[in-house]
Amino acid sequence: MTKDQIFEFFRRLAEDNPEPETELEYGNAYQLVVAVALSAQATDVGVNKATRALFAKVKTPQEMLELGEDGLKEHIKTIGLFNSKAKNVIALSQLLVDEYGSEVPGTREDLVRLPGVGRKTANVVLNCWFGQETFAVDTHIFRVGNRTGLAKGKTPEAVEAKLEKRVPGPFRLGAHHWLILHGRYVCKARTPECWRCTVADLCSYRSKVLEKPKGR
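First things first, this report covers the structure right here in the doc. (Residues numbered from 1 in each chain as written. Predicted model: local features only at pLDDT ≥ 70, side-chain atom pairs only at ≥ 80, totals over all residues. Heavy atoms only, no water.)

1. Re the overall build of the protein
For the protein, the helix and strand inventory stands at 10 helices and zero strands. Start at the N end of the protein and walk to the C end: the helices and strands fall as α-α-α-α-α-α-α-α-α-α. Taken over C-alpha atoms, the radius of gyration comes to 18 Å for the protein, in line with the 17 Å a tight globule of 216 residues would show. In terms of its C-alpha atoms, the protein occupies a principal-axis envelope of roughly 55 × 40 × 30 Å. Relative to its full complement of 216 residues, the protein shows a buried share of 47%. Of all intrachain contacts in the protein linking residues separated by at least 6 positions in sequence, the fraction that spans at least 24 positions is 57%. Surface accessibility of the protein: about 11,000 Å² in total, with carbon and sulfur atoms responsible for 51%. Computed over 32 positive and 27 negative side-chain charges, the separation of the two mean positions in the protein equals 10 Å. (Helix = DSSP H or I, 4+ residues; strand = E, 2+ residues; numbered from the N terminus. Rg over C-alpha atoms; globule rule 2.2 N^0.38 Å. Buried < 20%, exposed > 50% of the residue type's maximum accessible area, 1.4 Å probe, protein only. Contact = heavy atoms within 4.5 Å. Areas by Shrake-Rupley, 256 points an atom, 1.4 Å probe, with all protein chains shown as cover. Lys, Arg positive; Asp, Glu negative; His and termini not counted. Charge placed at Lys NZ, Arg CZ, Asp CG, Glu CD.)

This is how it looks when you write it as structure tokens:
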């Protein structure tokens with residue numbers, strides 16, 4: 001894509017959804033960290049179902065420690081990899097209490113120190129809570145970046161680096177939300193719904209499905 005095409009790409013996505021945001025439910029920075037950590041290899045819908053009752057009880061790292069690993073498992077047992085995720089959430093909560101005064105740090109370097117928090121999770125927290133222009137490359141963004149020609153790369157890190165270079169100023173804060181939502185609901189993995197895509201003419205994907213399949 002050219003610079004002008006990229007600008008138009010995001011302009012259209014922004015016109016459709018002027019204030020994009022994560023679909024994960026949370027009430028504070030700590031709950032956001034927990035929700036994003038739980039969302040690895042799980043759907044936001046599934047995480048939200050599990051965390052509604054949990055977050056009604058637990059709002060701070062100390063409250064999570066008081067709930068304990070077994071208590072946390074009971075809340076999140078419907079989520080994939082819940083055993084290892086529970087262990088990480090308890091460990092990150094302990095670290096927040098011990099070294100950060102129970103406050104979520106606002107730098108990537110500190111966030112990735114937390115057990116179970118990688119670069120992608122850190123980028124989500126920095127963007128959603130701290131308002132930083134970060135690009136959290138999940139499977140949806142990786143697919144959309146490569147398929148459309150917006151940001152091609154063989155690894156999530158390579159796609160992130162391309163987005164850092166190519167996303168224009170007015171759209172940098174919301175870009176990762178627009179791309180995730182576009183990948184989740186339109187530019188789907190198996191059959192992209194190009195027939196209803198607002199940016200199909202800007203996309204370099206060669207196998208576009210421009211007619212709606214029967215029965216859909």
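This is not the end of the story, as more comes after the structure.
2. Looking at the environment of L95
Topologically, L95 is positioned in helix α5 (residues 82-99). In this structure the C-alpha to C-alpha distance between L95 and D201, which are 106 residues apart in sequence, comes to 48 Å. In contact with L95, other than residues within four places in its own chain, are Y100, R113, L114 and P115.

3. Quick notes on the environment of V125
Mapped onto the secondary structure, V125 falls in helix α7 (residues 119-128). Taking the C-alpha atoms as reference points, V125 and L181, separated by 56 residues in sequence, lie 17 Å from one another.

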